[in-house]
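Tertiary structure, described
As a plain string of letters, each chain reads:
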Amino acid sequence: MIRVVLLSLTLLLSLSASGAQRGNAPVANDPIRTLVSRLDLDKYKATIKGLTQFGDRRQGTERNRNAIDWIEAQLKSYGCANTERLKYDFPLVGAPRSAGATGGRVRGARTPTGVNNDPLKQPDVKLRELNTPPTVNGPREEVYCTKIGTTHPEEMYIVAAHMDGIGWGEAANDDGSGTALVMELARILHMPDVQTERSIRFILWNNEESGLEGSRAYAAQRKDLQGKEDPAGSRRYPEPKWLGVIQHDMMLFDHGMPRADGTMSKEQRPEADVNVEFQMNSIMAAQSQTLAWALEAANVQYATDYPATVGAHMQSTDSASFQDLVASVSVRENERGPHIGAGWDPQWHQPTDLYTTYSDKDFMLGLNAAQTTLGAIAKLAGVSLKP
Ligand SMILES: [Zn+2]
């Protein structure tokens with residue numbers, strides 16, 4: 001008995017020691033903490049609101065192209081000035097899908113999911129009209145910009161989200177919330193006193209909702225350009241070597257499991273979390289898992305309200321286009337398979353995915369995801385602040 005007590009005491013002491021190391025004990029003059037403190041809920045919300053002026057931003061429409069122009073103008077205004085566009089045609093030919101995906105296991109109550117295609121389910125007539133012009137096959141573009149590393153411009157992390165949506169709403173959460181997160185990180189990492197050793201590319205994919213074509217086109221067109229200096233001797237790398245891909249998709253809503261009668265809690269649940277997923281059935285699973293834990297550690301250190309949870313079933317988002325090539329994770333409000341797939345987000349691809357649907361507690365989950373990725377990417381890319 002005494003032995004058991006002693007053992008438990010030892011265990012307790014060692015746990016609390018490791019807890020102190022992992023906890024919020026602030027490092028003096030931590031530049032990452034300073035950076036993370038520059039994230040602002042009102043600015044994050046304003047960027048989401050700005051995206052919703054283009055309705056559902058469905059791929060292959062004028063409202064989608066206008067949204068890309070608007071995003072590009074914002075990136076330039078943040079100082080991410082050398083914006084570029086990847087061009088491809090939809091439908092996409094010859095860019096393979098990643099093969100591996102395990103989806104996790106659904107438990108408990110579930111409600112039906114699907115894509116709304118009925119315009120009359122959108123009661124806001126103005127928004128209905130904005131969303132009315134149909135998608136047209138043909139040329140597509142997506143925008144990205146890059147912060148160049150000071151000592152390793154030949155290597156980069158990709159921080160991404162998809163800017164297109166569906167369902168006759170405003171695609172505020174799916175994926176205005178992820179797009180705004182990436183834009184906010186681009187803004188903060190381009191403040192005049194910020195430098196990073198390695199490069200960081202901010203990409204807003206198009207054509208996610210139609211089958212990940214924007215990210216698949218990027219991976220196919222650019223994977224063989226990685227790390228090549230062009231022109232020789234210039235220290236310029238049009239496609240720095242990929243070190244990791246962090247995708248953001250639906251960041252706001254974690255109200256828990258639907259009840260048995262199909263209703264949902266109206267409030268963000270207090271135990272809401274940021275779900276970081278890698279794909280266990282992928283070639284880069286081990287590297288991706290390491291990247292996922294880097295985000296979890298950054299969350300422990302820097303996120304103010306909500307924890308991060310790591311899962312092994314990343315799927316159905318643009319990081320899947322990279323999962324066999326480089327460390328790849330997705331960041332979400334819920335697990336994509338067992339939660340979103342079981343109806344935990346009733347706004348998903350529905351006319352109700354509107355800016356006004358969400359409360360500050362919802363937006364705060366997205367901001368915590370931003371704190372998590374910013375903390376992780378700042379460390380991974382080697383951030384420092386000029387005095
Ligand atoms: Zn999405």
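First, a word on scope: everything that follows refers to the structure included in this document. (Residues numbered from 1 in each chain as written. Predicted model: local features only at pLDDT ≥ 70, side-chain atom pairs only at ≥ 80, totals over all residues. Heavy atoms only, no water.)

**Examining the environment of His-313**
Put simply, the rule is: Per the convention used, a helix needs a DSSP run of H or I reaching at least four residues, while a strand needs a run of E reaching at least two, with both numbered from the N terminus. Here, two residues are considered to be in contact whenever any of their heavy atoms come within 4.5 Å of each other. Any pair of N or O atoms that falls within 3.5 Å is considered a polar contact. Within protein, one atom must be able to donate a hydrogen and the other to accept it, and sequence-neighbouring residues count only if both atoms are side-chain atoms.
The topology assignment puts His-313 in the loop between strand 8 (308–311) and strand 9 (328–332). As a C-alpha pair, His-313 and Ser-330 span 17 residues in sequence and 9.6 Å in three-dimensional space. Apart from residues lying up to four places away in sequence, His-313 is in contact with Thr-102, Gly-103, Gly-104, Glu-277, Phe-278, Gln-279 and Met-280. Side chain to side chain, His-313 and Thr-102 meet in a polar contact 3.0 Å long. Within the structure, the side chain of His-313 is placed 3.5 Å from the backbone nitrogen of Gly-104, a separation counted as a polar contact.

**Quick notes on the coordination of the zinc ion**
Ideal donor angles around a metal are set by the shape: a four-donor tetrahedron calls for 109.5 degrees, a six-donor octahedron for 90 or 180 degrees. Heads up, the rule is: Metal sites are built from N, O and S donor atoms within 2.8 Å, or 3.2 Å for Na, K and Ca, and they leave out water, so they may look incomplete. Each label reflects the angles at the metal, where four donors whose angles all fall between 85 and 135 degrees are tetrahedral, four or six donors whose opposite pairs open beyond 155 degrees and whose other angles stay between 65 and 115 are square planar or octahedral respectively, and the rest are irregular. Accessible area is worked out with a 1.4 Å probe on protein chains only. A residue is then buried under 20% of its type maximum, exposed over 50%, and partly exposed in between.
Coordination of the zinc ion by the protein involves His-162 (NE2), Asp-174 (OD), Asp-249 (OD) and Asp-249 (OD), with metal-donor separations of 2.0 to 2.7 Å. Around the zinc ion sit 4 donor atoms, and with donor-metal-donor angles ranging over 52 to 150° the site reads as irregular. The sequence motif formed by the donor residues of the zinc ion is H-x11-D-x74-D. Pair noted here: His-162 is in strand 3 (residues 152–162) and Asp-174 is in helix 6 (residues 172–189), with a separation of 12 residues, a long-range link. On the accessibility criterion, Asp-174 (3% relative accessible area) is buried.

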